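# Results of the structural survey
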Amino acid sequence: MTVLDVPGGHLIRFFHGEEIVSGLVAFAKSANLTAAWVQALGALSRAEIGYYDPEARKYERLAIEEDVEVTGLIGNLSLVEQEPFAHLHVTLGRRDFSTLGGHLFRGEAGATVEVLLLAFAGAKLERARDEEIGLNLWALPRSFSPPEA
Ligand code: ZN
């Protein structure tokens, strides 16, 4: 991967064959990112996506072994037990122009993947286990209740 530092964050290019989820986590760690937003586009040559079944409280997984367009990738970088964690969702375009989408577990770059990493300097976005839901969810420090209408 190659990186251009820009005001407020980083632009990252992934090369063919590089795995983007672990790559983003490794970059977050090296750059000490503790809160960031992620957007990307490009192509993957293989991927694994998931659908979270709230009843079973686990992901159904789908392995994709074909070249697909990343028509949209959105997510964020946070901390789970002080370690960087990437939560990413993708929409993937197939050769027949149909799409697949879900939670991204892993994806190997095809021709390229172009990423905007918007870093929130000084902020610490932490996740904590929500036992009821079965996932590590945002643990934000402040409550807000909309006023009664
Ligand atoms: Zn997800």
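Quick note: structure is the one above.
Below is a short write-up of the structure. (Residues numbered from 1 in each chain as written. Predicted model: local features only at pLDDT ≥ 70, side-chain atom pairs only at ≥ 80, totals over all residues. Heavy atoms only, no water.)

## A closer look at the overall build of the protein
Counting secondary structure elements, the protein contains one helix and nine strands. Projected onto the principal axes, the alpha-carbon positions of the protein cover approximately 50 × 40 × 35 Å. Across the 149 residues in the protein, those meeting the buried criterion constitute 38%. Of the roughly 9200 Å² that the protein leaves accessible, carbon and sulfur atoms contribute 55%. Between the mean site of the 13 positive side-chain charges and the mean site of the 21 negative ones, the protein shows a separation of 3 Å. (Helix = DSSP H or I, 4+ residues; strand = E, 2+ residues; numbered from the N terminus. Buried < 20%, exposed > 50% of the residue type's maximum accessible area, 1.4 Å probe, protein only. Areas by Shrake-Rupley, 256 points an atom, 1.4 Å probe, with all protein chains shown as cover. Lys, Arg positive; Asp, Glu negative; His and termini not counted. Charge placed at Lys NZ, Arg CZ, Asp CG, Glu CD.)

## Some words on helix α1 (residues 20-30)
Among the residues of α1, those classed as buried are Ile20, Val21, Gly23, Leu24, Phe27 and Ala28. One side of α1 holds all its buried residues, which, seen down the axis, span an arc of 165°. Two to three positions downstream of the cap, the backbone nitrogen of Val21 sits 3.0 Å from a side-chain oxygen, assigning the N-cap of α1 to Glu19. Backbone geometry just after α1 places Asn32 at a positive phi near 55°. (Arc of directions from axis to C-beta. Polar contact = N/O pair within 3.5 Å; in protein donor to acceptor, adjacent residues only side chain to side chain.)

In short, the description is geometric, and any link to function would need to be established separately.
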